[in-house]
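Observations on the three-dimensional arrangement
Now for the letters of each chain:
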Amino acid sequence: MTSYRLKSGGLIDRDTPLHFTFDGKPMQGFQGDTVASALLAGGQRLMGRSFKYHRPRGPLTAGSAEPNALITVGQNGRTEPNCRATVVELYNGLVGRSQHNWPSLKFDVGEVNSLLSPFIGAGFYYKTFMWPAALWEKLYEPLIRRAAGLGRATFEADPDRYEKSWAHCDLLIIGAGPTGLAAAITAGRAGAQVIICDEQASLGGSLLSDTHEVGGVPAPVFAHDIASELSSMPNVRILTRTTVFGWYDDRMFGAVERVQKHVQEPDPNKPVERLWRIAAKEAILASGAEERPLVFGGNDRPGVMTTDALRTYANRYGVAAGKRVAIFANNSAAYRTAHDLEKLGVDVAAIIDSRSETASYNGKARVIPNARVTSTKGRLGLSGITVNYDGGEEHLSIDALGVSGGWNPVVNLACQRGAKPTWSDEHAAFLPPNAHNGLSAAGAAAGIASLAACLRDGAHQATDALKNININAKPFDAGAVEDDPDHATKPLWYVRESTEKSFVDFQNDVTASDLGLAVTEGYGNVEHTKRYTTTGMATDQGKLSNVNAIGILAEVRNVTPAEVGTTTYRPFYTPVSFGALAGAHKSEHFQPVRRSPLHEWAKKLGAEFVEVGHWYRSSWFPKKGETTWRQSVDREVLAVRNNVGVCDVSTLGKIEVTGPDAATFLDLLYCNGMAKLPVGKARYGLMLREDGFVYDDGTLSRLEENRYFLTTTTAHAAGVMSHMEFCHQTIWPNLDVRFASVSDQWAQIAVAGPKSRELLSSIVDDDISDSAVPFLAARTVTLLGGQLSARLFRISFSGELAYEIAIPASYGEAVADVLMERGEKLGVTPYGTEAMGVMRIEKGHVTHAEINGTVVPADLGMGRMVSNKKTDFIGRAMLNREGTQDPDRVKLVGLKPVDPADDFSVGAHILNKNDTPSTPADQGYVTSTCFSPIIGSRIGLALIKKGPERIGEQIVVWDALKEQYTKAVICDPVFVDPEGEKLHA
Amino acid sequence: MASLIECPHCGARPKEEFTVRGNVERQRPAPDADPDTWFDYVYLRDNPMGRISEHWHHTAGCRRWLIVERDNTDHTVFNVTDAMEAKSKS
């Protein structure tokens, strides 16, 4: 006695058999099957084990709310756990595996948990694993983790592609059942831009498992005809296999399209899944209704399923869930399943109706009023039930039981933005909230039961929605619709007579008595109950269990379901893969990469690159025989100090500022005076934040009377630009000034060292002698016999005679090549950011290691740079607060170990000699360090209390991480050429 | 998941293109304003609920600073204007 394939019927293609395996066993199905329908057809009702008690489970539904039939599909990198067998489309070669059992699905050792169930009820974890706390990490957690968890994710990389896409439409229709189709055809014929989404492979929804006639043809044919007309309309986009999983701000919806999850070998040129962001002007929620299971003893045995599932397997897939079935229902609509099954030749033993007033039934099945199923039998599948009714108890031998506790409108999407659904006694269900906001629930999602009414509602809601955006539409008329007249229902939340476990949440094994216990123990508030019992917290998010749980809570607490209320609805409606959410943003495409115009030049010379934000910067240039980076860096530093080096500084932010008020504007941005900067000169500048602390540093060059060129640090290039835009547009809009980022337009090369002038002379046409281009000169020059125009700045961050030359980006590499070629006899050496860092520390220049958001200019020894003539600049008002004048502030100094062999690190703190580490004893900290090949030891920059007054004092550098105490001496931050003779040479 | 912001220069654009700064009401005081006024401007933030006006920068678009009037409880956007134009008018 088990499930089997009917001789004929269904929407499957019996001429196209498909072969697949389940737990290694060869199975066969047809095109159009789901894995669940094919397994049932092959007599396999057992498809999984439950989470806590490891009870045998089969499919409870034929759709996306499935809590039980979770399997792992695919192999290697395509392994996907926790797939609902009820929605996985069958394809040839599919490999399916049961999960969460050991050693096998039929014999699972974990089943002993059922025997322990008196001890592992609600709140089990909270109660059991409280003490001793020390055991948590070592014992409890690993134990729980091994026992729990459903499928296992693979550790192999996913070989498939995913993508993200935008879509815009007048009307988005979510769900393509009768309501959605009527809405779509109404809007489509009116010429509106329509998107209709459905999670299934073909449009039709419940029509596909219906036997009624619509407009003179069977329901599936009607669905097919409408779908054909829709697909012929250029203004209608049909997204099948697409789940709208979330409603976000405004009328923005998230959807995931499973483009190639139903094929054996995905086309590598297409994504397997596509994440849609749909901006709709109006939307209709036609998501239908989900049938509630009934809660009674042993209601989880394979073979027990919703009547809708029974009917769908029979009508749509040609599969009978059993040879002898019964229906247990609290409503009249469930009777149609008995009717359909009898018509297909399935023996229906009884319709067990919990109500006293049963519906009329003209089939063979016996209708038992005032009746309840109290228990079930069968080890791995249903073999019988006990029925309790007025005046008796009876045992029925059956192998499938359809249960129906009424219908829940699928209101999830309508509630995801905070609105709560409202309880309706008339519908015995929660209805979607009234708030419109661009999304209207229609049809069964709005609590409408009859097919004809759903078709009408879909058409009218579409007409109304389109009216809001000034599109006139005529409601679609489906013609004559066969219908069930009686949809009466009377709540039956649980069967009190049952003594066996009565499951509410099938996936998390929460029973009716667990809910009762939660109320008894003070967790009766629905949000508490959820967390205490874990009801509704599984991967199905309580689609079938939440309303039953609310009904039971209401009965136990003796209040109405409305008073209990619902928990919070959140995206996603069904699970969405990480792949779809990541889209193309993985591996090297995770974030954008920025390469300097000199990247190829540096690569040719063997540079090691370092990621700095989005940039790849050349950090050093190893030579043959060099085994450590320090060897390369020391060589580069000495080459610059003795001869000449070139370095790519293109990543600095560069902004060009023009306009009659440019000088005024720049004076407001920088804390030092800039308006009087002469044309042809550059000046180091500091920008402050409005709170007076240093924001960024760089150089400003005046190229013409009203044309400036400023540089920012690499890190704050974007920030400074936004800051300038904010200042101009919102604070000083009346200033006539324009500026644009030119960071990407210029390749910029630092040429530094005693021979830098000689090297540059070989490519610059103009006179660049000290008198023509003195320190801090900035001017336009021509290169290589007038071939190129460039900008030459005599600025230095190494302390050497140095220049920076800016060349139009696309010529950068060529000019750098020429510099290398012509500089060969001068010993020209490319150097990277590491050597640059060493030289700036040797010269006492600050970077963001020192400009760390806590320093004012005076802390860096730049107090005198701040203009006291200007009446306004960013940061001026707050700069002179008491705290910034505190003589105890940490200030910039240099640091040298007493023993040149000693070492210290960035972040280490400074202590007075003989002090033990403590916050009050803290004297400051090391901001930058390097090994200086010129000094011959480690050197550092530090921010130390009263630092400049303590030059020569011996202190201790304390490194808490290395537990290291280093004796060091405070010194001037300029280690090299303090008089600046080299600079001005 | 993005929603769309109606930029007066670029049209409807996803909100990811924008950078939010904060309430427009925070206007930079006069340079010679008293220290308390400056302190308020730099450090104190109201956290109003409901309909608010904020400075949004169309960072990945036209690079204009905009005033976005929206409800921070349900993210309804009522109005988007160019901050500079608004300032010039006032």
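Residues numbered from 1 in each chain as written. Chains lettered and ligands numbered in written order. Predicted model: local features only at pLDDT ≥ 70, side-chain atom pairs only at ≥ 80, totals over all residues. Heavy atoms only, no water.

Within chain A one finds 23 helices and 52 strands. In terms of its C-alpha atoms, chain A occupies a principal-axis envelope of roughly 115 × 70 × 55 Å. Considering chain A as a whole, with its 985 residues, one finds that 58% of them fall into the buried category. Contacts spanning at least 24 positions in sequence make up 67% of the contacts within chain A whose residues lie at least 6 apart. Here chain A holds 101 positive side-chain charges and 113 negative ones, and the gap between their average locations is 2 Å. (Helix = DSSP H or I, 4+ residues; strand = E, 2+ residues; numbered from the N terminus. Buried < 20%, exposed > 50% of the residue type's maximum accessible area, 1.4 Å probe, protein only. Contact = heavy atoms within 4.5 Å. Lys, Arg positive; Asp, Glu negative; His and termini not counted. Charge placed at Lys NZ, Arg CZ, Asp CG, Glu CD.)

A tally of regular secondary structure across chain B gives two helices and six strands. Starting at the N terminus, the α and β elements of chain B follow one another as β-β-β-α-β-β-β-α. For chain B, the spread of C-alpha atoms along the three principal axes comes to 40 × 30 × 20 Å. Of all intrachain contacts in chain B linking residues separated by at least 6 positions in sequence, the fraction that spans at least 24 positions is 39%. Within the structure as shown, chain B displays about 5,000 Å² of accessible surface, and the carbon and sulfur contribution to it stands at 50%. When the 12 positive and 15 negative side-chain charges of chain B are each reduced to one mean point, those points stand 6 Å apart. (Areas by Shrake-Rupley, 256 points an atom, 1.4 Å probe, with all protein chains shown as cover.)

This part is about the sheet that holds strand E3 (residues 19-23) of chain B. All names here are of chain B. Spatially, E3-E4-E5-E6 is the arrangement adopted by the four strands of the open sheet, whose pairing is antiparallel. Either end of the sheet is taken by a strand with one partner, and the two such strands are E3 and strand E6 (77-82). In this sheet, adjacent strand axes meet at a mean angle of 30 degrees when their direction is disregarded. Pairing analysis gives five bridges linking strand E5 (residues 65-71) to E6, with the strands arranged antiparallel. What sits directly across from Arg 70, in E6, is Val 77. (Pairing = 2+ DSSP bridges. Axes fitted to C-alpha atoms, helices over the stretch in contact; angles between N-to-C directions.)

All names here are of chain A. Segmentation of chain A into domains returns domain 1 (162-289 + 409-468), domain 2 (594-651 + 745-840), domain 3 (653-741) and domain 4 (887-985). Taken over C-alpha atoms, the centre of domain 2 sits 30 Å from the centre of domain 4. Interface area, domain 2 with domain 4, both sides summed: about 1,200 Å², of which 60% is carbon and sulfur. Interface area lost by domain 2 to domain 4 is led by Arg 641, Phe 775 and Val 838, which between them contribute 34%. The tally of links from domain 2 across to domain 4 stands at one salt bridge. Put simply, Lys 982 and Glu 800 hold a salt bridge, and the shortest N to O gap is 2.8 Å. The interface formed by domain 2 and domain 4 holds six residue pairs in polar contact (both at pLDDT 80 or more) in total. (Domains from an automatic or database assignment. Buried area = accessible area lost by both parts, 1.4 Å probe. Salt bridge = Lys/Arg side-chain N within 4 Å of Asp/Glu carboxyl O. Polar contact = N/O pair within 3.5 Å; in protein donor to acceptor, adjacent residues only side chain to side chain.)

All names here are of chain A. When you tally the buried positions in helix H21 (residues 833-842), you get seven out of 10 residues, the bulk of the element. Those residues of H21 lying buried are Thr 833, Ala 835, Val 838, Met 839, Arg 840, Ile 841 and Glu 842. Along its buried surface, H21 packs onto strand E34 (608-612), strand E35 (615-620), helix H16 (629-642), strand E49 (922-932) and strand E50 (937-945). Just beyond H21, the residue with positive phi is Gly 844, at close to 75 degrees.

Right, let's talk about the nonpolar core for a bit. Residues and elements named next belong to chain A. Formed by 48 residues in total, the largest nonpolar core has its most connected members in Phe 20, Val 35 and Tyr 313. The greatest single-element share of this core, amounting to six residues, is contributed by helix H1 (residues 35-41). Setting aside its immediate chain neighbours within four residues, Val 35 contacts Phe 20, Ile 71, Ala 85, Val 88, Leu 90 and Leu 94. Met 233, Val 236, Ala 442 and Ala 478 belong to the second-largest nonpolar core, a separate cluster that totals 37 residues. (Core = buried A, V, L, I, M, F, W, Y, C linked by side-chain atoms within 4.5 Å.)

Residue and element names in this part refer to chain A. Taken as a whole and judged by the stated rule, the model has 19 aromatic pairs over all chains. Plain terms: the ring middles of Phe 245 and Phe 572 are 4.9 Å apart, the flat faces sit at 85 degrees to each other, and that makes the pair edge-to-face. Note that Phe 245 is positioned in strand E14 (residues 242-248) and Phe 572 in the loop between helix H13 (561-564) and helix H14 (578-582), a separation of 327 residues in sequence. Judged by its relative accessible area of 0%, Phe 245 falls in the buried class. Of the aromatic side chains, those joined through ring pairs into one cluster are Tyr 53, Phe 503 and Phe 506. (Phe/Tyr/Trp six-rings, centres within 6.5 Å; stacked < 30°, edge-to-face > 60°.)

As a further point, take helix H6 (residues 307-315) of chain A. Most of H6 of chain A is tucked away: eight of the nine residues are buried. Within H6 of chain A, burial applies to Thr 307, Ala 309, Leu 310, Arg 311, Thr 312, Tyr 313, Ala 314 and Asn 315 of chain A.

Once that is clear, we can look at the pattern of salt bridges. Residue and element names in this part refer to chain A. This structure, assessed with the given rule, holds 54 salt bridges over all chains. Ionic pairing is found between Asp 634 and Arg 630, a salt bridge with its closest N-O pair at 3.2 Å. In this pair, Asp 634 and Arg 630 both sit in helix H16, four residues apart, roughly one turn of the helix. Residue classification places Asp 634 among the buried residues on the basis of a relative accessible area of 15%.

Moving on, we come to the interface of chain B and chain A. Listed per partner, the contact involves 30 residues of chain B and 34 residues of chain A. Here chain B and chain A share an interface that buries about 2,600 Å² over both sides, 59% of which is from carbon and sulfur atoms. Put simply, chain B and chain A have four salt bridges between them. Between Glu 690 of chain A and Arg 28 of chain B there is a salt bridge, with its nearest N and O atoms 2.5 Å apart. There are 13 residue pairs in polar contact (both at pLDDT 80 or more) connecting chain B and chain A. Listed by contribution, the elements that provide at least two residues to the side of chain B that touches chain A are helix H1 (35-43), strand E4 (51-57) and helix H2 (83-89) of chain B. Counting residues per element, the side of chain B that touches chain A draws most heavily on H1 of chain B, at five residues. Within the side of chain B that touches chain A, the residues separate by chemical class into 14 nonpolar, eight polar and eight charged. (Nonpolar A, V, L, I, M, F, W, Y, C, P; charged D, E, K, R; others polar.)

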